[in-house]
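Summary of structural features
The primary structure of each chain is shown beneath.
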Amino acid sequence: LRHHVRVSHETDGAALPDPLLAALRAAVGPSHVLTDADLRATYETDWSRRFHGVAAAVVRPGTMDEVAAVVRACGQGGAAVVPQGGNTGLVGGSVPRAAAPRDGRGAPRPQVILSMLRLRELGAVDQVAGEVTVGAGVTLGALQAHLAGSGWEVGIDMGSRDSATLGGMVATNAGGIHVLRNGVMRQQLVGIEAVLASGEIVRRLPGAVKDNTGYALPALFAGSEGTLAVVTRLRLRLVPPLPRRAVALLAVDDAGQAATFAAELRRRLACLTAAELFDDDGMRLVLVHAGGEAPFRERHPRYLLVECGAPDDPTDQLVEAISAVAARDAVVAGDEGGRRRLWALREGHTESVNAAGIPHKLDVSVPIGRIGAFDVAVREAIRAAHPLPRIFIYGHVGDGNLHVNVLGPDPDDEAVDDAVLGLVIELGGAVSAEHGIGVAKTAWLVRDRGEADIAAMRAIKRGLDPGDVLNPGVLFSDPA
Ligand code: S2G
Ligand code: ZN
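Residues numbered from 1 in each chain as written. Chains lettered and ligands numbered in written order. Predicted model: local features only at pLDDT ≥ 70, side-chain atom pairs only at ≥ 80, totals over all residues. Heavy atoms only, no water.

1. As for the overall build of the protein chain
What counts here: To qualify as a helix, a DSSP run of H or I must reach at least 4 residues; to qualify as a strand, a run of E must reach at least 2; elements of each kind are numbered from the N terminus. C-alpha atoms define the radius of gyration, and 2.2 Å times the number of residues to the power 0.38 defines the globule rule. Note on classification: 1.4 Å probe, protein chains only; a residue is buried when its accessible area is under 20% of the maximum for its type, exposed when over 50%, partly exposed between these limits. Per-residue and other accessible areas were derived by the Shrake-Rupley procedure at a 1.4 Å probe size, with only the shown protein chains allowed to occlude residues. We count Lys and Arg on the positive side and Asp and Glu on the negative side, and we leave His and both chain ends out. Charged side chains are reduced to one point each, which is NZ for Lys, CZ for Arg, CG for Asp and CD for Glu.
Of regular secondary structure, the protein chain possesses 16 helices and 16 strands. A globule of 480 residues ought to have a C-alpha radius of gyration of about 23 Å, and the protein chain, at 22 Å, matches this closely. Projected onto the principal axes, the alpha-carbon positions of the protein chain cover approximately 70 × 60 × 45 Å. Out of the 480 residues in the protein chain, the part that is buried amounts to 56%. A total accessible area of about 19200 Å² is found for the protein chain, and carbon and sulfur atoms account for 52% of it. Taken together, the 48 basic and 57 acidic charged side chains of the protein chain have centroids lying 2 Å from each other.

Below you can see the structure in the form of structure tokens.
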């Protein structure tokens, strides 16, 4: 198993050649080209603190044309471009590579972080189409605020809403807590504007929900993790608001039962918007880290959080449906405060795990019918790969997507990662469900997808980015 150089402080990084530095300053203005180490630092380490690299510069364009000028200059100057939104991606895809990509002579190439945060256009809500166009640097939370009172909502929601940007969410084809009802980011996308590695601009705006005019470039760019194009603007389809919510927490025997109950509730409740699993260790960690009261007097092995959304109060429907499944116990929130407290037990996991150490975060999909077997087998596999791991497994059980988090192994010790991802591949799952491959999972991508798939993906990469300008080292550990 190859051990990547990950959290090492002698990461190499080439400096910018003067002509390129001058071109970048001309493109975005000197104040938006950061070369000072202190100014670069916050951009160079990912949110989980597991991935770090040295940037020759951080560049902050304010317009699509400036993005195009920066990408073109970097391509011509031999630099690598690392597109970055909120930097909450978790697989090392939005920070410079610890080992800088090499040029044809084997010399390290300078890495330029392309921060998209200044692209904050918030278009007017198109009431007839139920769509909106936004800049790539707009956070999900800012869009949600923009839509308040409009009569529309965005179909995606997730805990990192106040830092994750919409451009990054397209690049990683984000999922979140409402995939059960609205699908993933790719399914919200109506149109896109993006800069190719050549600096040319691809624009499909406003786009159309039904558009069969050749290859679906927006859909292809979604999930390409900044390796095929840099998304500068995007147009999203919106969903009717569900103003009334009901939330319940069920105590269950095991993850398999949680999956079974989630399916049963999904069958019975057209208003179901979320079905989330977490374990008792995770809930205890959240209660210690964030405070709050345990929802039940006794401890239970697993918990299933379910949410309904509807124009009218769906609490009675939820209570009736829950009475049809034989949970060990159940609590239904009586008001908004209660709903927030139950959600906090689930959404508090990411921060709480991160506060307890540097986690190995394995976001995976497993065939839903095998979630019970996976939950048991994966804990055994982790314990066989590391002496005293702390294991927290939580996630979107309604989609078959679990977040296996392990504290204990050193950041660059991948024995646990291999144990978990090997099991997922064996069960016919996906080694990434919503966070992407980044640099974290390149070693397992071939085993997951197979040679023919990889060859096809590499052909697309070579076709669109022959100079390996865009995010080299993401998806593929070596040049296409
Ligand atoms: C979630 C957020 C990141 C993580 O909580 O649903 O996608 O793995 C995750 O903690
Ligand atoms: Zn998630």
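2. Structural notes on the side chain of Ser 224
Filter applied, for reference: Any two residues whose heavy atoms approach within 4.5 Å are treated as being in contact.
Examined against the element boundaries, Ser 224 turns out to sit in the loop between helix 7 (217–221) and strand 9 (229–239). Discounting residues that sit within four places of it in the chain, Ser 224 has contacts with Ala 171 and Leu 475.

3. Some points on the sheet that holds strand 4 (residues 111–115)
The criterion, for reference: When DSSP finds at least two bridges between two strands, those strands are taken to pair. To define axes, lines are fitted to C-alpha atoms, for helices over the stretch in contact only, and angles between the resulting N-to-C directions are given on a 0 to 180 degree scale.
Spatially, 1-2-4-3 is the arrangement adopted by the four strands of the open sheet, whose pairing is mixed. The strands lining the two open edges of the sheet, one partner per strand, are strand 1 (33–34) and strand 3 (80–84). Bridging between strand 2 (residues 57–59) and strand 4 involves three bridges; their strand directions are parallel. What sits directly across from Val 59, in strand 4, is Leu 114. The sheet contacts of helix 3 (residues 64–77) involve strand 2, strand 3 and strand 4, and relative to strand 4 the element is tilted by about 170 degrees.

4. Quick notes on the side chain of Asn 471
The topology assignment puts Asn 471 in the segment after helix 16 (451–464). With relative accessibility at 1%, the residue Asn 471 sits in the buried group. Setting aside chain neighbours within four positions, we find Asn 471 in contact with Val 81, Val 82, Pro 83, Gly 93, Arg 97, Glu 225, Gly 226 and Thr 227.

5. Quick look at the packing of helix 1 (residues 18–28) against helix 3
Keep this limit in mind: These descriptions rest on fixed angle ranges, namely under 35 degrees for roughly parallel, over 145 for roughly antiparallel, 65 to 115 for roughly perpendicular, and the rest for oblique. Classification used: nonpolar for Ala, Val, Leu, Ile, Met, Phe, Trp, Tyr, Cys and Pro, charged for Asp, Glu, Lys and Arg, polar for all others including Gly.
Running from amino to carboxyl end, helix 1 crosses helix 3 at an angle of 175 degrees, the nearest separation of the two axes being 9 Å. Relative to helix 3, the element helix 1 lies roughly antiparallel. Across the interface between the two elements, Leu 20, Ala 23, Leu 24, Ala 27 and Val 28 of helix 1 pack against Glu 66, Ala 69, Val 70, Ala 73, Cys 74 and Gly 77 of helix 3. Classifying every residue of the contact of helix 1 with helix 3 by side-chain character gives nine nonpolar, one polar and one charged.

6. Considerations on the environment of Phe 51
With respect to the secondary-structure elements, Phe 51 resides in the loop between helix 2 (37–44) and strand 2. Residue classification places Phe 51 among the buried positions, given a relative accessible area of 3%. Sequence separation between Phe 51 and Ser 94 is 43 residues; the distance between their C-alpha atoms is 9.3 Å.

7. A word on the confidence of the model for the protein chain
Our working rule: Per-residue confidence from the predictor is given as pLDDT, running between 0 and 100.
The predicted model of the protein chain has a mean per-residue pLDDT of 95, with 97% of residues at 70 or higher. Note on residues 1–10: pLDDT under 50 across the span, and 30 contacts to partners over four residues away in sequence or across chains.

8. Some remarks on the site of ligand 1
Basically, it comes down to this: What makes a residue near a molecule or strand is one non-hydrogen atom of that residue sitting within 4 Å of it. Under this definition, polar contacts are N or O atom pairs within 3.5 Å; protein pairs additionally need one hydrogen-donor-capable and one acceptor-capable atom, and for neighbouring residues in sequence, both atoms have to be side-chain atoms.
Lining the immediate surroundings of ligand 1 are Leu 90, Arg 346, Thr 350, Lys 361, Tyr 394, His 396, His 403, Glu 434 and His 435. At a separation of 2.9 Å, an oxygen atom of ligand 1 approaches a polar side-chain atom of Lys 361. When the free accessible area of ligand 1 is taken as 290 Å², the share hidden by the protein chains comes to 84%. Within the shell around ligand 1, the residues separate by chemical class into two nonpolar, four polar and three charged.

9. Details of the coordination of the zinc ion (ligand 2)
Our working definition: Metal-coordinating donors are taken as N, O and S atoms lying within 2.8 Å of the metal, or within 3.2 Å when the metal is Na, K or Ca; because water is left out, some sites can appear incomplete.
Protein ligation of the zinc ion (ligand 2) involves His 396 (NE2), His 403 (NE2) and Glu 434 (OE), the donor distances falling in the range 1.8 to 2.1 Å. In primary-sequence terms, the residues that donate to the zinc ion (ligand 2) follow H-x6-H-x30-E. Linking His 403 in strand 16 (residues 401–407) with Glu 434 in the loop between helix 14 (415–426) and helix 15 (442–449), this pair joins segments that are 31 residues apart in sequence. In this pair, the class of His 403 matches that of Glu 434, namely buried.

10. A word on the nonpolar core
For soluble globular proteins, the rule of thumb is that nonpolar side chains tend to be buried together. Going by this rule: Among the buried residues, those of types Ala, Val, Leu, Ile, Met, Phe, Trp, Tyr and Cys that are joined through side-chain atoms within 4.5 Å form a nonpolar core.
Leu 250, Leu 304, Val 306, Phe 374 and Val 404 are the most contacted members of the largest nonpolar core, which has 56 residues in total. At six residues, the largest contribution of residues to this core is made by helix 8 (residues 255–268). Look past the residues within four positions of Leu 304 in its chain and what remains in contact with it is Ala 248, Leu 249, Leu 250, Ala 258, Phe 261, Ala 262, Leu 265, Ala 275, Glu 276 and Val 397. Listed in part, the 29 residues of the second largest apolar core include Ala 56, Val 67, Val 71 and Ala 79.

11. Side note on the packing of helix 8 against helix 13 (residues 371–385)
The condition is simple: Whether a crossing is left-handed or right-handed is set by the direction in which the near helix is turned from the far one by less than a right angle, anticlockwise for left-handed and clockwise for right-handed.
Their axes nearest at 7 Å, the elements helix 8 and helix 13 cross at an angle of 155 degrees. Our classification of the angle between helix 8 and helix 13 gives roughly antiparallel. In this structure, helix 8 meets helix 13 at a crossing whose hand is right-handed. Packed against helix 8, whose contacting residues are Ala 255, Gly 256 and Ala 259, the element helix 13 presents Ile 371, Gly 372 and Asp 375 at the interface.

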